[in-house]
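Coordinate analysis (summary)
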Amino acid sequence: MASPSDLNTSNSFMHQFLQESSYPEELKQSIISLPREEGWLYPHMYNYKGFWLDSEFLHGALRCQKHFQAQHSDIIVCTLPKCGTTWLKALVFALTTRKQFPVSQQTHPLLTTSPQDLIPNLEFSYARQNSPPDFLAVNNGLMRLMSTHLPLSLLPKSVGESKCKLIYLCRNQKDTVVSFWHFVNKMRAELRGLGEMPFPEAFEKYCRGASPYGPFWDHLLGYWKESLENPRKVLFLKYEEIKEEPEVHLRRMAAFLECPFSEEEEECGVVGGILRLCSFESLSNLEVNKTGKGSYFGNSNNLFFRNGKVGDWRNHLTDEMATRLDQIVEQKFKGTGFKF
Ligand code: A3P
């Protein structure tokens, strides 16, 4: 448990939170007494209502819950980190703006801007500014496309009350933990000058559910259940399935977002055009994604592209580790109808 003085020195975002006059004292007290442990990238993460959030994003989540007003036409891309957020952002952007920006256009925004910047993250956006971010401005006033890593239960109330749509993407937990570990180590070095987090340590935390926005099973199940109960609200996707049948799932996304491909578009190969533009090979070879920096963390955009393969866990996990994660998945998802 953290004491206020501890927080003042070690954690400027928690300090900011405690200073924020619009939060009731009761809420501040409850945050101070949250369980906490060392974060993967940040000094601390807090267990807030069952989920582990880095201090900065806990602050962003609370502000977002307080101030964000969802609109019926909003589209929110929801993922756990390293489940293919960048890919899904690119696909959703290209899909929903294809009338304004035909994918064959030499000036398509995805050619010069990172998908991470084209679809800003809600809790990140709120974490660093007091006034509500202007999500419309990001996309030239076309529509509000946003993303989040927050679990369903921590989304602002207005998201549930409005007709806005959520697209959730999950990924096999074994590939995710490997991807996460690589990413965090690069971020630790680039942003904080820290050494590597040993893989066994990361794996142990992940299995306990103590990874950013984790436990992964509760995160996934929240959206999974909602997608079954409310299929017009939540579209549930799997990274491996998109890899396997990209056209099928892009058409599913288009139908869900009420912008299905017309016959003419089908004939002109727009589906294939979007998939090519958003492919790992295409995006990772663009100058902006090779040498550019992200607007939020200031990290190299290339950290979001490693190899984009299914099954890379085989190069990192021992048989024992793989079995352990499989068992966790089997136990946690038993009876839910969910399978990787
Ligand atoms: P690997 O580390 O396994 O290569 P996120 O975008 O949520 O941070 O996830 C990053 C993971 O998605 C990385 O996985 C990255 O290589 C992969 N990725 C990025 N762009 C992709 C794309 N266009 N298609 C498929 N995978 C992609």
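Description of the structure in this document. (Residues numbered from 1 in each chain as written. Predicted model: local features only at pLDDT ≥ 70, side-chain atom pairs only at ≥ 80, totals over all residues. Heavy atoms only, no water.)

1. Observations concerning unusual backbone geometry
The condition is simple: A run of H or I in DSSP becomes a helix once it reaches four residues, and a run of E becomes a strand once it reaches two; helices and strands are each numbered from the N terminus. Only protein chains enter the accessibility calculation, which uses a 1.4 Å probe; a residue whose area is less than 20% of its type maximum is buried, one above 50% is exposed, and one in between is partly exposed.
Between Gly214 and Pro215 the backbone carries a cis peptide bond, its omega angle lying at 5°. Among the structural elements, Pro215 can be located in the loop between helix H12 (199-208) and helix H13 (216-229). A positive phi angle, close to 50°, is found at Lys49, a residue other than glycine. With respect to the helices and strands, Lys49 occurs in the loop between strand S2 (44-48) and strand S3 (51-54). The exposed category is assigned to Lys49, whose relative accessible area is 62%.

2. Observations regarding the environment of His149
Condition: Two residues form a contact once any of their heavy atoms are found within 4.5 Å.
Inspection of the secondary structure puts His149 in the loop between strand S5 (145-148) and helix H10 (157-161). The class for His149 is buried, based on a relative accessible area of 10%. Placed 39 residues apart in sequence, His149 and Leu110 show a C-alpha to C-alpha distance of 22 Å. If we ignore the near neighbours within four places in the chain, the residues touching His149 are Thr79, Leu80, Pro81, Thr85, Asn121, Glu123, Phe124, Tyr213 and His219.

3. Quick notes on the packing of H12 against helix H20 (residues 319-333)
We count it as follows: Axis definition: a line fitted to C-alpha atoms, limited for helices to the stretch in contact. Angles are taken between N-to-C directions and run from 0 to 180 degrees. Here the angle decides the label: under 35 degrees means roughly parallel, over 145 means roughly antiparallel, 65 to 115 means roughly perpendicular, and every other value means oblique. In this scheme the crossing of two helices becomes right-handed for a clockwise turn of the near helix relative to the far one and left-handed for an anticlockwise turn of less than a right angle. Think of it as three bins: nonpolar holds Ala, Val, Leu, Ile, Met, Phe, Trp, Tyr, Cys and Pro, charged holds Asp, Glu, Lys and Arg, and polar takes everything else, Gly as well.
At a minimum axis separation of 11 Å, H12 and H20 run at an interaxial angle of 15°. Comparing their axes, H20 and H12 come out roughly parallel. Crossing angle aside, the handedness with which H12 passes H20 is left-handed. Together, Phe199, Pro200, Phe203, Glu204, Tyr206 and Cys207 of H12 and Met321, Arg324, Leu325 and Ile328 of H20 make up the contact between the two elements. Tallied by class, residues from the contact of H12 with H20 come to 8 nonpolar, no polar and 2 charged.

4. What about the nonpolar core?
Let me state the cut-off plainly: Only buried residues count toward a nonpolar core. Its members are Ala, Val, Leu, Ile, Met, Phe, Trp, Tyr and Cys residues joined through side-chain atoms within 4.5 Å.
Ranked by internal contacts, the top residues of the largest apolar core, which has 75 residues, are Leu58, Phe68, Leu166, Tyr168, Leu317 and Leu325. Element by element, the count of residues in this core is highest for helix H11 (residues 173-192), at 7 residues. The residues touching Phe68, leaving out its near neighbours within four places in the chain, are Arg63, Asp74, Leu122, Tyr126, Phe135, Arg144, Met146, Pro156, Ser158 and Val159. Ile75, Trp87, Ile119 and Ile167 belong to the second largest nonpolar core, which has 40 residues in total.

5. Regarding the sheet that holds S2
In a beta sheet, neighbouring strands are held together by backbone hydrogen bonds and run either parallel or antiparallel to one another. Selection criterion: Pairing between strands requires that DSSP locate at least two bridges from one strand to the other.
Overall, antiparallel pairing links the 3 strands, which are arranged S1-S2-S3 in an open sheet. Either end of the sheet is taken by a strand with one partner, and the two such strands are strand S1 (36-38) and S3. Sheet twist, expressed as the average angle between the axes of neighbouring strands with direction ignored, equals 35°. The pairing of S1 with S2 spans 3 bridges and is classified as antiparallel. Across the sheet, the residue bridging to Glu38 is His44, located in S2.

6. Details of the site of the ligand
We count it as follows: Whether a residue is near a molecule or strand depends on its heavy atoms: it is near if one of them lies within 4 Å of it. For the purposes of these results, a polar contact is taken to be a pair of N or O atoms within 3.5 Å, where, inside protein, one atom must be able to donate a hydrogen and its partner to accept one; residues adjacent in sequence count only when each atom of the pair is a side-chain atom. Surface accessibility in these figures is a Shrake-Rupley result with a 1.4 Å probe; residues are shielded only by whichever protein chains are displayed.
If you check the shell around the ligand, you find 19 residues, and the closest are Lys82, Thr85, Thr86, Ser179 and Tyr239. At 2.9 Å, a side-chain N or O of Arg171 approaches an oxygen atom of the ligand. At 2.7 Å, a side-chain N or O of Arg306 approaches an oxygen atom of the ligand. Taking 570 Å² as the accessible area of the ligand by itself, protein coverage stands at 98%.

7. Focus on H13
In plain terms, the rule: One less than the residue count of a helix, multiplied by 1.5 Å, gives the span that helix is expected to have.
Along its 14 residues, H13 runs 20 Å from first to last C-alpha, staying within 8% of the 20 Å computed at 1.5 Å per residue. The set of residues buried in H13 consists of Phe216, Trp217, His219, Leu220, Leu221, Tyr223, Trp224 and Ser227.

8. Concerning the environment of Phe203
Among the structural elements, Phe203 can be located in helix H12. In this structure Phe203 comes out as buried when scored by relative accessible area, which is 3%. Phe203 has contacts with Val177, Leu317, Met321, Arg324 and Leu325, leaving out every residue within four places of it along the chain.

9. Regarding the pairing of S2
Taking burial as the measure, the 5 residues of S2 include 5 buried ones, the bulk of the element. Side chains His44, Tyr46 and Tyr48 of S2 all project onto a buried face; the interleaved residues Met45 and Asn47 project onto the opposite face, where all are buried too. The turn linking S1 back onto S2 is made up of 5 residues. Across 4 bridges, the pairing between S2 and S3 is antiparallel.

10. Quick word on the packing of aromatic side chains
What counts is decided by this rule: Within 6.5 Å between ring centres, the rings of Phe, Tyr and Trp (the latter by its six-membered ring) count as paired, and their orientation is classed by plane angle as stacked under 30 degrees, edge-to-face over 60, tilted in between.
Tallying each qualifying case throughout the model produces 27 aromatic pairs. Judged by centre distance (5.6 Å) and plane angle (80°), the ring pair of Tyr42 and Phe57 falls under edge-to-face. A residue pair is termed long-range when its members are at least 10 positions apart, and Tyr42 in the loop between S1 and S2 and Phe57 in helix H4 (residues 55-67) qualify at 15 residues. Phe57 carries the same exposure label as Tyr42, and that label is buried. Centroid distance Trp224 to Phe338: 5.2 Å. Interplanar angle 75°. Geometry classified as edge-to-face. With Trp224 in helix H13 and Phe338 in the segment after H20, this residue pair connects regions lying 114 residues apart in the sequence. In this structure, Trp224 and Phe338 share a single accessibility class: buried.

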